[in-house]
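So you can see what is in the structure, the chains are spelled out below.
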Amino acid sequence: MEANSSRPTKLYELLLLLLLVFSVLLLSLNPCESLDIDPQDKASLLLFRSGVQDPSKSLSAWSGSNCTNWTGITCSSDSSKVISVNLTSMNLSGDIHPSLCNLSSLESLALARNSFAGTIPPCFGSLYSLKTLDLGHNRFGGALPDTISRLGNLRELILSWNQDLGGLMPPWIGNFSNKLEKLDAGFNSFHGEIPESLLYLNSLRYLNLENNNIGGSLRDFQQSLEILDLGSNSLSGTLPCFSACSGSLSVLNLADNYIVGGIPTCIASLEALTHLNLSHNQLSYKISPRLVFSEKILVLDLSFNDLAGPLPSKIAEVTEKGLILLDLSHNQLSGEIPSKLTELKSLQALFLSHNLLTGEIPSRIGNLTYLQVIDLSNNVLSGAIPLNIVGCFQLLALILNNNNLTGVIQPELDALSGLKILDISNNKISGEIPQTLAGWKSLEIVDLSSNNLSGTLNDAITKWSDLKYLSLARNKFSGNLPSWVFTFQAIRMMDFSGNNLSGIIPDSNFNLSLYYNNRDFARQPGNISLVSMATVGIKVHVVVAGTNEVRLNYDIVAAVGIDLSGNMLHGEIPSGLFGLEGLEYLNLSYNILTGRLPDLEKMRSLKALDLSHNSLSGQISENVSGLEDLTVLDLSYNSFSGYISKKQGFLRFPGAFAGNPNLCVESSSGVCGQESVPVMPGKTFQEEMVEGPISLSVFLLSAAITFYISIVSLFCSARARRYILETKL
């Protein structure tokens, strides 16, 4: 019995012993739990804090002596001296107090992503133990102090995104530290040539001078660089081979410079290359068939150059995890699209627009099952849209406008159920819109204009509930304008002009559209041209992670308008149409509309109004001229009557009332008479809309989709790389 009773006691003692050992281990793993900060360093930090604006109270924990309680501060376990200050993204501002330079043992100083201003303190050069200095994404200005050249132990110098920081690129920048591995001075204001010392700094692995004004000839680098970003500068000359980097260089960005000549085949010998951007240069000649990149290449952008000749049949080694973005747009490439292009199974974005490509779209394009964006616009492609394209079941954007495509929109295309952007305008496509396309429920941008499409506006379109832009202009659609036409909640621009639509404008529920009814909902900025107001801008963000997983999002910015011109609509204009506070453009010209002009006082956003060439009558209200944003007004060739006084402010709309024989318009001389005719009567609708006061292009999607494609680099940090690809619609 006694033996049994002693067992709980021994078990209890054993547990206490284990708990004691565990506590000792914890203390040994966390020696800083009770580490006191050096008194002198403490005083220096408090003096620094006194000059900092800290609205988020990020530094409010800087009190007491326990180093671990001081936000962003790390102390040495041996000396209690501060060895690291990391105040990244703490919403701090103000100038840097020189007391920070008293931290004599500091090895890392990170003040990035704040709003610190002024010049970089020259006393930073006394922090001799510093290995990392990160001042990126602030508001520093002036020149880089020469005292920085004293930091012989520095491994990382990050100065990027301080737009007023610059001056001549210091000649010592490449020889002050033989340990420097990373130099990031992108998006600053440095000028001059790349110092020769940088070309031979053996320790350098990461160099970013993007978006400065660096000039001179592009020279070869003589070290094993891994990241080289010299984009958006003024570099000239021809492309070197970068032979010293052949086994290490993974990212090479030379976009937006003045590089000439051809692309040397030795560039393909960069075995580790994953991202190559040579866009927006003056590269020319043919792409050599021997220019074949390794299976590691992920992004290849050669757009906006003068490359000519045929598309290479093979541009990268084919693997399951290879090229994901290929952009050869805006060149002079000719010939057919090689069928071997469809073997790049990993491809997710393909841009071949604005070339001289002929022939048909490859029938096996559906083999590219990962494709999310296809842009073949502005070429001379012919034939029908291949049915095999439904194999691209992840497709989000299909852009084929301005070609010679024929055939019909096939019902089976409803398999592309995730499609958000569809532009097949300016082709020769005929037939009707299939009812099966009701399955395209994700559509936001649709442009079918300038084709030979016919039939009625069927109810399939009503299922495109997320529509923001819809153009069916210049086709052969007929029948009545359906009652659902104004029921899209997100619609910004709707263009049905130049068809054979008849009947009345339905008196629908005009209150459904957020944009038509809200003056302050995503307004267009200030004073810009009418044509640019009628464009759609699409920012597509593609983020590629280490596993090649793509996440694609985009924002759409467009004008707010309705164009029903050039049809056979009759009857009165519904008063609800003139109560839309957010509408910027309204074109109902070249119809058979009758009745009086409704009150326009609610249309405070209106910039352009064209009701010309109808049969509208009655007097014109004075409140039309009171619309402050109104820039273009055309009420010509109607049956308006009454008296228009110059005091009403209509003189800023010359020719707006021509062809109204019963309308008395007071001239600048005070004489009442008919206004001069602005255009020759008897012209066709198409001729008038090209030459008239409101060009049809004002109401069409005539400008661009802009893709901003950001690729995250996996070297050192998740730094975004941006590729800008503009596509005229």
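The rules behind each value
- Residues numbered from 1 in each chain as written.
- Predicted model: local features only at pLDDT ≥ 70, side-chain atom pairs only at ≥ 80, totals over all residues.
- Heavy atoms only, no water.
- Helix = DSSP H or I, 4+ residues; strand = E, 2+ residues; numbered from the N terminus.
- Buried < 20%, exposed > 50% of the residue type's maximum accessible area, 1.4 Å probe, protein only.
- Contact = heavy atoms within 4.5 Å.
- Areas by Shrake-Rupley, 256 points an atom, 1.4 Å probe, with all protein chains shown as cover.
- Pairing = 2+ DSSP bridges.
- Salt bridge = Lys/Arg side-chain N within 4 Å of Asp/Glu carboxyl O.
- Phe/Tyr/Trp six-rings, centres within 6.5 Å; stacked < 30°, edge-to-face > 60°.
- Lys NZ or Arg CZ within 6 Å of the ring centre and 35° of its normal.
- Expected span 1.5 Å × (residues − 1).
- Arc of directions from axis to C-beta.
- pLDDT = per-residue confidence, 0-100.
- Disulfide = S-S within 2.5 Å.
- Polar contact = N/O pair within 3.5 Å; in protein donor to acceptor, adjacent residues only side chain to side chain.

**Quick notes on the overall build of the protein**
In terms of helices and strands, the protein carries six helices and 51 strands. Residue burial in the protein is summarised as follows: out of 729 residues, 54% are buried. Within the protein, residue pairs in contact and separated by at least 24 positions form 52% of the contacts whose partners lie at least 6 positions apart. Carbon and sulfur atoms form 51% of the exposed surface of the protein, whose accessible area is close to 29700 Å².

**Describing the sheet that holds strand β35 (residues 476-480)**
Taken together, six strands build an open sheet; the order of strands is β31-β33-β35-β37-β41-β43 and the sheet is parallel. The sheet is open, and its two borders are formed by β31 (430-431) and β43 (592-594), each paired with just one other strand. As paired strands, strand β37 (residues 500-504) and strand β41 (residues 568-572) are joined by three bridges and run parallel to one another. By the bridge assignment, S502 is partnered in β41 with M568.

**What about the pairing of strand β9 (residues 164-168)?**
Across three bridges, the pairing between strand β7 (residues 139-143) and β9 is parallel. Paired with G141 across the strands is D164, a residue of β9. The sheet contact formed by β9 and strand β11 (residues 189-193) spans three bridges and is parallel. Within β11, the position partnered with G166 by the bridge is S189.

**Quick look at the pairing of β37**
Direction of pairing for β35 relative to β37: parallel, over a ladder of three bridges. In the strand pairing of β37, S478 is matched with N500.

**What about the pattern of salt bridges?**
Applying the stated criterion to the full structure yields seven salt bridges. Across the salt bridge formed by K314 and E317, the nearest N and O atoms sit 3.2 Å from each other. Judged by its relative accessible area of 36%, K314 falls in the partly exposed class. Residues joined in a network through salt bridges with shared partners are D38, D41 and K81.

**What to know about the sheet that holds β11**
Strands sit in the order β3-β5-β7-β9-β11-β13 across an open sheet of six strands; the sheet is parallel. Strands at the two margins of the open sheet, each flanked by one partner only, are β3 (93-94) and β13 (213-215).

**Quick word on the packing of aromatic side chains**
One pass over the full model with this rule turns up seven aromatic pairs. Their ring planes at 20° and their centres at 5.4 Å tell us that W62 and W70 sit as a pair that is stacked. With relative accessibility at 2%, the residue W62 sits in the buried group. Above the ring of Y206, the side-chain terminus of K182 is found at 4.6 Å from the ring centroid.

**Some points on the environment of M169**
Secondary-structure assignment places M169 in the loop between β9 and β10 (182-184). Overall, the relative accessible area of 6% leaves M169 in the buried class. The sequence separation of M169 and S189 amounts to 20 residues, and the corresponding C-alpha distance is 9.3 Å. Setting aside anything within four residues of it in sequence, one finds M169 in contact with F190, H191, E193, P195, L209 and I214.

**Description of the side chain of K81**
In this structure, K81 sits in the loop between β1 (73-75) and β2 (82-86). In contact with K81, not counting residues within four places along its chain, are D38, Q40, D41, T74, C75, S76, S104 and S105.

**Quick word on helix α2 (residues 39-50)**
Along its 12 residues, α2 runs 17 Å from first to last C-alpha, staying within 8% of the 16 Å computed at 1.5 Å per residue. Among the residues making up α2, those that are buried are D41, S44, L45 and F48. Seen end-on, α2 carries its buried residues on one side only, within an arc spanning 95°. Exposed residues lying more than 90 degrees from the buried face of α2 are P39 and S50.

**Focus on the confidence of the model for the protein**
This prediction gives the protein a mean pLDDT of 85; 81% of its residues lie at or above 70. Across residues 26-32 the pLDDT falls below 50, and counting only partners more than four positions away or on other chains, this stretch makes three contacts in the model. Note on residues 676-729: pLDDT is under 50 here. Beyond four places in sequence and across chains, it has 181 contacts.

**Description of the state of the cysteines**
For the structure shown, the criterion picks out three disulfides. A disulfide bridge connects C67 with C75, and the sulfur atoms are separated by 2.0 Å. Across the S-S bond linking C67 and C75, the dihedral sits near 90°, which makes this disulfide right-handed. In this structure, C67 and C75 share a single accessibility class: buried. Bridging C101 to C123, the disulfide has an S-S length of 1.9 Å. The S-S bond linking C101 to C123 shows a torsion near 55°; that makes this disulfide right-handed. Of this pair, C101 sits in the loop between β3 and β4 (108-110) while C123 sits in the loop between β5 (115-119) and β6 (132-134); the two residues are 22 residues apart in sequence, bridging distant segments of the chain. For C101, a relative accessible area of 9% corresponds to the buried category.

**Here's the deal with the side chain of N379**
Mapped onto the elements, N379 comes out in the loop between β26 (373-375) and β27 (382-383). By relative accessible area, N379 is classed as buried at 8%. At a separation of 3.1 Å, a polar atom in the side chain of N379 contacts the main-chain amide nitrogen of L357. Among the polar contacts made by the side chain of N379, one reaches the main-chain carbonyl oxygen of L376 at a distance of 3.1 Å. The residues touching N379, leaving out its near neighbours within four places in the chain, are L352, S353, H354, N355, L356, L357, N402 and N403.

**Description of unusual backbone geometry**
In this structure, N91 takes a positive phi of about 60° despite not being glycine. With respect to the element layout, N91 can be found in the loop between β2 and β3. Accessibility expressed as a relative area gives 42% for N91, which makes it partly exposed. In this model, N426 sits at a positive phi of 55°, which is unusual for a non-glycine residue. Here N426 is to be found in the loop between β30 (421-423) and β31.

**Digging into the environment of G383**
As for its position among the elements, G383 is in strand β27. Linking G383 and E360, residues 23 residues apart in sequence, is a C-alpha distance of 5.4 Å. In contact with G383, other than residues within four places in its own chain, are E360, N404, L405 and T406.

**Topic: the environment of F140**
Here F140 shows up in strand β7. The spatial distance from the C-alpha of F140 to the C-alpha of D164 is 6.5 Å, given a sequence separation of 24 residues. Those residues in contact with F140, other than ones at most four positions away along the chain, are I96, F116, A117, G118, T119, I120, L135, N162, D164 and L165.

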